[in-house]
Each structure stands twice: as structure tokens, then as C-alpha cells.
Amino acid sequence: MLNRPLLLVAALLFILTLVWFQQRQSVTEVARTALIMGTLVEIKGVGSEQQKLETAISDAFAVMREEEERFSPSISSSQLAVLNRATKAIAVDDQTLNLLQRGLEISRQSQRAFSLGLGGIKKLWNFSATQPQASSLTEIEQVLPDPTLDPFSIEGHQVKRRPGVQLDLGGIAKGYAVDQALQVLRKAGVRSASVNAGGDIGLLGGHGKRSWKIGIQHPRKPGELLATIELRDRSIVTSGDYERFFVVDGVRYHHIFDPQTGLPARGCQSVSVIAANTAEADALATAAFVLGPEKGLQLLEQWPGVDGLIVAADGSSQTTSGIKDLIQWR
Ligand code: AMP
Ligand code: MG
């Protein structure tokens, strides 16, 4: 029979082995950045195997670069550029079809505040110019598509652009690319990750055992937060008039256009949308921004599984009922 002291030593050894094993399994966080779609993208992964995280993150960046090659207006072989040059219906790949269908759906459900047909308007305003200038109403009229019509039609895999309309996927493609990155991470067995493409954020699980704490930028105080919110397994995207803008004679001109007028939408300073996927959050943030605070809030309130925070043009903030108690104001 074993005596008592020997039993105690054995138990102690067992506990020490457990602690040692736990430490070997300790959680590490890997964070990497890359420039994709003209934006600094940061991917963080949390787990116990550093090498597995590194590989998954570099595969996730690779898939985002593929989406860039598919949807960039400036890459002449991109599906978007090919569509914009085509004079008849052309076959597009599955991803492009999926993105166009989802964009069209959000356009129809948002009283067409969201439009995939603003390529001409975007080119005219040219926010990437060194000295962008306000466009005249005559110039706008020449490139503004009929806001009551779909900018393209779909039949099977064939997409036909409406004559004279240039497509632009800038309001949804970044969110879509974030979702593709999350999918790669998920498939690689990563259970805790965040993908942040310049404010389009997709989350996998929590931040280790806790939730991810996401800061919402103050639209008029650069570098300061308006609020924070704790989330897991969700996406959050903010559209703001402070992202790309210039000011002439005290008027702020920014990159989110009202498809009715071709002018920068005037109702909001920023809209943050929380949804189950990043493409939806991305497009709905742009749509709600264009609709303005009242109609925008209605859209987000009635959209299943979606919540949001809107800062109106006068600086006042409102949230959907679902996140009233979850927002921590700064
Ligand atoms: P976001 O920053 O997600 O709000 O997207 C802004 C980008 O979406 C712009 O740079 C344009 O490429 C595109 N965009 C601007 N206005 C609209 C609109 N009303 N509907 C859809 N996309 C838009
Ligand atoms: Mg958007």
C-alpha cells in the first residue's frame, strides 16, 4: 500500500505537469498588416499555435488580394473593369455575381439610396486627385444614371450593364473581402480573429475569452472615439463624411453620394452598422448614410439581425433599440 507522503508527492507532481502543459498551450496573439484595396488592413489572430496563425493570416491576406484583383476599377483585367468596358452581356464569376446580386438587393430595399451605378459620378468627383474640386450640376447631369432603374441586369451568370452606366463596387467590396478573409481563417481552424480593413471590421469569436472592444471614431474629433461597443462573431462598419473629403468655401464635399442628385449626401456625419457579415454592414452603412438619420435608422431597425448608430449632420447621435444598452459613450 502507498503511504500518505508518497501520495501527496504524486498529486503535487500531477498538478505541476498540468500547469506546465497549460503554459505550453498558452495563448498568443499574432497581428499583421498589409496594404490592400488602397487601405491598411490589419488581421489579428488569437490561438495557441503561432505558426498556424501566421499561415492562416497570410492566406487571408492572399484571398483579399484576389478580391482586389476582381473588383478594383483601376486593374484593367478586373471583372469590374471588364464589365465597364463591355457593350453586351458578359459572363462573370461566382463571386462577382454574388456581390452584384447582394448589392442590387440592398439597393432595392433601401429606396435606391445604395447604388452600384455611381462609377461615373465617382470618377467625376475624383477624390483621389491632389486638389479635388466641386463638380458642376451640368457635369453631374451628364454622368448621373436614372436613379429609379437598376444599373445592370442579370440572367444566369450573364450581366448586362445599362448603356452609359459605369459600375462601382466601392460601397460593398471591402466588406465582402473582409468576409472572404474571415472564411479562410475559420477554415484554418482559427477561432478568435479580427479583420480590420480601414474601419470595415469582421470578427471571429471573441478576443480570447473576452469580447472584442471596438472603438467608434468621433466624426468631428480626429483620433478621438465617440463610443465603444463589445462584440463577438459580428461585423461592424462605419461610413463617415470625414474619410475622404475636401472643403471649399466652408462646404464639406465627401465621397458618399446621393444617387438622386450625384452630390455628397447631407443628412449624416457618420453611420456605424453591426451585422452578421461585413458586406451587408458595409452596404447598409452607406445606404443609411444616404437616407439620413430618420429613414436611415428605420432601415437599420427593420433589417433582420442588424443594429446601428447614426450621427446626424447636427452632431446628435441615435442608436437602434437593440444596442442602446451595449454602447459605452465616451
Ligand atoms: P463607404 O465608405 O463604405 O460608405 O463607401 C464609400 C464608397 O462607396 C465611395 O468611395 C464610392 O465608391 C461608393 N459609393 C458612394 N456613394 C454610394 C452610394 N450611394 N451607393 C453605393 N456606393 C456608393
Ligand atoms: Mg459601405
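Please refer to the structure placed before this passage.
The structure reproduced in this document is the subject of the present report.

Basis of the calculations
- Residues numbered from 1 in each chain as written.
- Chains lettered and ligands numbered in written order.
- Predicted model: local features only at pLDDT ≥ 70, side-chain atom pairs only at ≥ 80, totals over all residues.
- Heavy atoms only, no water.
- Donors = N, O, S within 2.8 Å, 3.2 Å for Na, K, Ca; no water.
- Helix = DSSP H or I, 4+ residues; strand = E, 2+ residues; numbered from the N terminus.
- Buried < 20%, exposed > 50% of the residue type's maximum accessible area, 1.4 Å probe, protein only.
- Near = heavy atom within 4 Å.
- Polar contact = N/O pair within 3.5 Å; in protein donor to acceptor, adjacent residues only side chain to side chain.
- Areas by Shrake-Rupley, 256 points an atom, 1.4 Å probe, with all protein chains shown as cover.
- Nonpolar A, V, L, I, M, F, W, Y, C, P; charged D, E, K, R; others polar.
- Domains from an automatic or database assignment.
- Core = buried A, V, L, I, M, F, W, Y, C linked by side-chain atoms within 4.5 Å.
- Contact = heavy atoms within 4.5 Å.
- Pairing = 2+ DSSP bridges.
- Axes fitted to C-alpha atoms, helices over the stretch in contact; angles between N-to-C directions.
- Phe/Tyr/Trp six-rings, centres within 6.5 Å; stacked < 30°, edge-to-face > 60°.
- Lys NZ or Arg CZ within 6 Å of the ring centre and 35° of its normal.

## A few points about the coordination of the magnesium ion (ligand 2)
- Of the protein atoms, only G171 (O), D282 (O), D282 (OD) and T286 (OG1) coordinate the magnesium ion (ligand 2), at distances of 2.1 to 2.6 Å.
- As a motif over one chain, the donors of the magnesium ion (ligand 2) read G-x110-D-x3-T. With G171 in the loop between β5 (158-161) and α7 (173-187) and D282 in helix α8 (residues 278-291), the pair connects residues that are 111 residues apart, well separated along the chain. Across this residue pair, the class does not change: G171 and D282 are buried.

## Some details on the site of ligand 1
- Around ligand 1 sit 17 residues in total, of which K122, D168, S239, F257 and T286 are the nearest.
- The separation between an oxygen atom of ligand 1 and a polar side-chain atom of D168 is 2.6 Å.
- A distance of 2.9 Å separates an oxygen atom of ligand 1 from a polar atom in the side chain of T286.
- Within the complex, the protein chains bury 97% of what would otherwise be the 490 Å² of accessible surface of ligand 1.
- At 3 residues, α8 tops the list of elements feeding residues into the shell around ligand 1.
- Looking at side-chain class alone, the shell around ligand 1 contains 7 nonpolar, 6 polar and 4 charged residues.
- Here the shell around ligand 1 spans two domains, and each of domain 1 (28-72 + 171-329) and domain 2 (79-161) adds at least three residues to it.

## Here's the deal with the nonpolar core
- Ranked by size, the top nonpolar core spans 45 residues in total, and within it L169, V271, V273, L284 and L300 carry the most contacts.
- Top contributing element to this core by residue count: α8, with 10 residues.
- Split by domain, the residues of this core number at least three in each of domain 1 (28-72 + 171-329) and domain 2 (79-161).
- The residues touching L300, leaving out its near neighbours within four places in the chain, are V271, V273, L284, A288, V306, G308, I310 and T320.
- By size, the runner-up hydrophobic cluster in this structure holds 21 residues, among which are L53, V190, A193 and L204.

## Some points on the sheet that holds strand β3 (residues 90-91)
- If you walk across this open sheet you meet the 3 strands as β3-β5-β4, and the pairing is antiparallel. Either end of the sheet is taken by a strand with one partner, and the two such strands are β3 and β4 (152-155).
- Relative to β5, β4 runs antiparallel, the two sharing 4 bridges. Its bridge partner lying in β5, S153 is registered against K160.
- Lying over the sheet, helix α4 (residues 94-109) contacts β4 and β5, oriented at roughly 125 degrees with respect to β4.

## Topic: the packing of aromatic side chains
- Tallied over the entire structure, the rule returns 7 aromatic pairs.
- Centroid distance F127 to F246: 5.4 Å. Interplanar angle 35 degrees. Geometry classified as tilted. Residue F127 is located in the loop between α5 (119-125) and α6 (137-143), and its partner F246 is located in strand β11 (residues 245-248); the two are separated by 119 residues in the primary sequence. The pair formed by F127 and F246 is uniform in burial state, with each residue classed as buried.
- An aromatic cluster is defined as three or more aromatic residues linked by ring pairs; in this entry it consists of W125, F127, F246, Y253 and F257.
- R252 extends its terminal NZ or CZ atom over the ring of F245, reaching a point 4.2 Å from the ring centre.
- Lying over the aromatic face of Y253, R266 brings its terminal NZ or CZ to 5.8 Å of the ring centre.

## A word on the environment of V271
- Secondary-structure assignment places V271 in strand β13 (residues 268-275).
- Here the alpha-carbon distance between V271 and R85, two residues 186 residues apart in the chain, equals 33 Å.
- Once residues within four sequence positions are removed from consideration, V271 is found in contact with V237, T238, S239, A285, A288, F289, L300, L309 and I310.

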